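# Commentary on secondary and tertiary structure
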Amino acid sequence: MPRAVRERQMLDAAVSTFGQRGYRAASMDEIAELAGVSKPLVYLYLNSKEDLFTACIRREAKALTEAVRAGVRPGLPADRQLWEGLRAFFTHTAENPDGWAVLHLQARTHGEPFAAEVTAMREELVVFVTQLIVVAAREAHRDPSLPEREVAGLAEALVGAAESLAAWANATPGVSAKQAAATLMNFAWAGLGDLMEGRPWSPPVAEGQTE
């Protein structure tokens, strides 16, 4: 069997085991058994439990970011692009619950090297969402110089909300990817839509105070 195929089997087994059992509770013995290979072969291919877990994180992070990017069709209105990106995100996390558990739960709680891998993925998603929003905002305001920092915080908040909602949707029976995406669109787009139209919300100024 080609090395690439054998390695994919090992990673599939590892993602399933880490996602369901947790990093610390998962053993190389059960990963090898699930993959249908010997434990020495797992070590030969992937060196250590830490390296195996890192390889799982990188593979699942790459798959998620690629799914989101592929789900967005350029040229559509901003709300449609955001909707398609969110739907692709929630579809992928629903179809790959063990992979999402590895990224969202396990990698964040078992040491800085693992958390850093997830942070890199998250930053890539934030940059992507920022670009979606900033292009639409520049068009709406007819201001091609509108800086990215004006909307970067919105993208950060949106990605964070999507992560939390995906964890909730995966743990709640009957919640589809479409429903999860619609929930976040209803939560976020009313505000974003007003912002695009130049109607941002501002906190009230108390009597006797200045901004």
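Note that residues are indexed from 1 along each chain, following the sequence as it is written. Per-residue local features are limited, in this predicted model, to residues with pLDDT of at least 70; the limit for side-chain atom pairs, both in listing and counting, is 80 or more; totals at the level of whole chains, interfaces and linings are taken over all residues. The side-chain values count all of the structure's non-hydrogen atoms but skip hydrogen atoms and water molecules.

The name given to the chain in an unreviewed UniProt entry is TetR family transcriptional regulator, with the source organism recorded as Streptomyces albiflavescens.

## Concerning the environment of asparagine 96
Rules: Runs of H or I in DSSP of at least four residues are treated as helices and runs of E of at least two as strands, each being numbered from the N terminus. Here's how the labels work: a residue is buried when its accessible area is under 20% of the maximum for its type, exposed when over 50%, partly exposed in between, all with a 1.4 Å probe on protein chains only.
With respect to the secondary-structure elements, asparagine 96 resides in the loop between helix H5 (78-95) and helix H6 (97-106). Taking the relative accessible area as the measure of exposure, asparagine 96 reaches 30% and is therefore partly exposed.

## Comments concerning unusual backbone geometry
Even without a glycine there, the phi angle at asparagine 47 is positive, about 70°. Structurally, asparagine 47 can be placed in the loop between helix H3 (39-46) and helix H4 (49-71).

## Describing the side chain of arginine 122
For clarity, the threshold we go by: Polar contact is the term for a pair of N or O atoms within 3.5 Å; when the atoms are in protein, one must be able to donate a hydrogen and the other to accept it, and sequence-neighboring residues count only if both atoms are side-chain atoms. In this analysis, two residues are considered to be in contact whenever any of their non-hydrogen atoms come within 4.5 Å of each other.
Summarising the element assignment, arginine 122 is placed in helix H7 (residues 112-141). A polar contact is formed between the side chain of arginine 122 and the side chain of glutamate 163, at a distance of 3.1 Å. Other than its neighbours up to four places away in sequence, arginine 122 contacts Arg108, Glu156, Val159, Gly160 and Glu163.

## With respect to the packing of aromatic side chains
Applicable threshold: Between rings of Phe, Tyr and Trp, where Trp is taken as its six-membered ring, a pair exists when centres lie within 6.5 Å; planes separated by under 30 degrees are stacked, by over 60 edge-to-face, and by other angles tilted. Sitting over a ring, as applied to charges here, requires NZ of Lys or CZ of Arg to be within 6 Å of the ring centre and within 35 degrees of the ring normal.
In the structure shown here, the tally under the stated rule is seven aromatic pairs. Taking 5.7 Å as the distance between ring centres and 35° as the angle between the ring planes, the aromatic pair formed by phenylalanine 18 and tyrosine 23 counts as tilted. For the pair phenylalanine 18 and tyrosine 23, one class covers both residues: buried. Note on phenylalanine 18 and phenylalanine 53: the rings are 4.8 Å apart at their centroids and 70° apart in plane angle, and the pair reads as edge-to-face. Of the two residues, phenylalanine 18 sits in helix H1 (residues 3-21) while phenylalanine 53 sits in helix H4, which places them 35 residues apart along the sequence. By the burial criterion, phenylalanine 18 is buried, and phenylalanine 53 matches it. Here a set of aromatic residues connected by ring pairs shows up, and it is made of Phe18, Tyr23, Phe53 and Phe114. Taking the ring centre of tyrosine 45 as reference, the NZ or CZ of arginine 3 above it sits at 4.2 Å. Across from the ring centre of tyrosine 23, 4.8 Å away, lies the NZ or CZ of lysine 49, which sits over that ring.

## What about the pattern of salt bridges?
Defined as follows: When a carboxyl oxygen of Asp or Glu is within 4 Å of a side-chain nitrogen of Lys or Arg, the pair counts as a salt bridge.
Per the stated rule, a full pass over the model turns up 13 salt bridges. We note a salt bridge from glutamate 117 to arginine 58, for which the minimum N-O separation is 2.8 Å. Of this pair, glutamate 117 sits in helix H7 while arginine 58 is found in helix H4, placing the two residues 59 residues apart along the sequence. Residue classification places glutamate 117 among the partly exposed residues on the basis of a relative accessible area of 22%. A single network of salt bridges, built from pairs that share partners, joins Arg108, Arg122, Glu156 and Glu163.

## Points about the confidence of the model for the chain
The line we're drawing: On a range of 0 to 100, pLDDT expresses the predictor's confidence in each residue.
Per-residue confidence for the chain gives a mean pLDDT of 85, with 84% of residues at or over 70. Looking over the chain, one finds the lowest element-wise mean pLDDT in helix H9 (residues 177-196), namely 81, and the highest in H4, namely 94.

## Digging into the nonpolar core
What counts is decided by this rule: By nonpolar core we mean a set of buried residues, namely Ala, Val, Leu, Ile, Met, Phe, Trp, Tyr and Cys, connected to one another through side-chain atoms within 4.5 Å.
Formed by 56 residues in total, the largest nonpolar core has its most connected members in Phe18, Leu52, Phe89 and Phe90. Take this core: its biggest share by element is ten residues, from H7.

## Observations regarding the environment of leucine 46
Take leucine 46: it is sitting in helix H3. The buried category is assigned to leucine 46, whose relative accessible area is 7%. In this structure, the C-alpha to C-alpha distance between leucine 46 and leucine 11, residues 35 residues apart in sequence, is 9.4 Å. Apart from the residues within four sequence positions on either side, leucine 46 is in contact with Glu7, Met10, Leu11, Asp51, Leu52 and Ala55.

## Quick word on H4
Basically, it comes down to this: Helix span is expected to be 1.5 Å times the residue number reduced by one.
Its 23 residues place the ends of H4 33 Å apart at the C-alpha level, agreeing with the 33 Å of an ideal helix rising 1.5 Å per residue. Taken residue by residue, H4 has Lys49, Leu52, Phe53, Thr54, Cys56, Ile57, Glu60, Ala61, Leu64, Thr65 and Val68 as its buried positions.

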